[in-house]
Amino acid sequence: MTEGGYLADTPGFNQPSLLKVTTRSLPFAFPEIRKMLEENEPARCSFKNCQHLGEPGCLVRGDWERYPYYLQLFDEIKSREEFQLRTVGTKREADMRIKAGYKGTVQVEPRLQQKKHRRQSRKSANQSVLDDLDDDDL
């Protein structure tokens, strides 16, 4: 490729996973955005948390070839993050497990059921028998 990049030709690989990409890290995945920001240095976008969606004072213009793709990915990631926040807010804490991932990414996973299929240990069985005997002595 003339402008750099990677080519992935892997069997079974048909779509990249965006689970580790956040709305804050997505702009850094696009070399076009990085190039526009570097060209305008030392100037920066007006807002520290600029998402490059046409905000006032944004240095990244929407006139590059993959901008519609950037918007689509941004919407997908934003809806996933909002869903995860809603899920955490509506579920009991015991049902959900929060995992910190790459670059501070927060992922929510369902907590697995406790291992109820295990049999009672001999130690706890003996203790329960002894407890029953003590109760009978009273």
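Residues numbered from 1 in each chain as written. Predicted model: local features only at pLDDT ≥ 70, side-chain atom pairs only at ≥ 80, totals over all residues. Heavy atoms only, no water.

## Quick notes on a nonpolar patch on the surface
- On the surface, V129, L130 and L133 cluster together into a nonpolar patch covering about 280 Å² of accessible area.
- Mapped onto the elements of the fold, L130 is located in helix α3 (residues 122–137). (Patch = residues over 30% accessible without salt bridge, like charges linked within 9 Å, V, L, I, M, F, W, Y side chains within 5 Å. Areas by Shrake-Rupley, 256 points an atom, 1.4 Å probe, with all protein chains shown as cover. Salt bridge = Lys/Arg side-chain N within 4 Å of Asp/Glu carboxyl O. Helix = DSSP H or I, 4+ residues; strand = E, 2+ residues; numbered from the N terminus.)

## Comments concerning unusual backbone geometry
- The linkage connecting E41 with the following residue, P42, adopts the cis geometry, with an omega of 10°.
- Even without being a glycine, H52 presents a positive backbone phi close to 60°.
- Inspection of the secondary structure assignment puts H52 in the loop between α1 (31–39) and α2 (67–90).

## Overview of the pattern of salt bridges
- Applying the stated criterion across every chain, the model contains two salt bridges.
- Between R66 and E32 there is a salt bridge whose closest N-O contact spans 2.8 Å. Of this pair, R66 sits in the loop between α1 and α2 while E32 sits in helix α1, and the two are 34 residues apart along the sequence.
- The exposure class assigned to E32 is partly exposed, which follows from its relative accessible area of 23%.
- Among the ionic pairs, D63 bridges to R61, the shortest N-O distance being 3.8 Å. (Buried < 20%, exposed > 50% of the residue type's maximum accessible area, 1.4 Å probe, protein only.)

## Looking at the packing of aromatic side chains
- Counted according to the given criterion, the structure contains seven aromatic pairs.
- Taken together, a centroid distance of 5.8 Å and an interplanar angle of 65° make the contact between F30 and W64 edge-to-face. Pair noted here: F30 is in the segment before α1 and W64 is in the loop between α1 and α2, with a separation of 34 residues, a long-range link.
- The exposure class assigned to F30 is buried, which follows from its relative accessible area of 4%.
- Note on F30 and Y69: the rings are 6.4 Å apart at their centroids and 65° apart in plane angle, and the pair reads as edge-to-face. Of the two residues, F30 sits in the segment before α1 while Y69 sits in helix α2, which places them 39 residues apart along the sequence.
- Aromatic rings pair up to connect F30, W64, Y67, Y69, Y70 and F74 into one cluster. (Phe/Tyr/Trp six-rings, centres within 6.5 Å; stacked < 30°, edge-to-face > 60°.)

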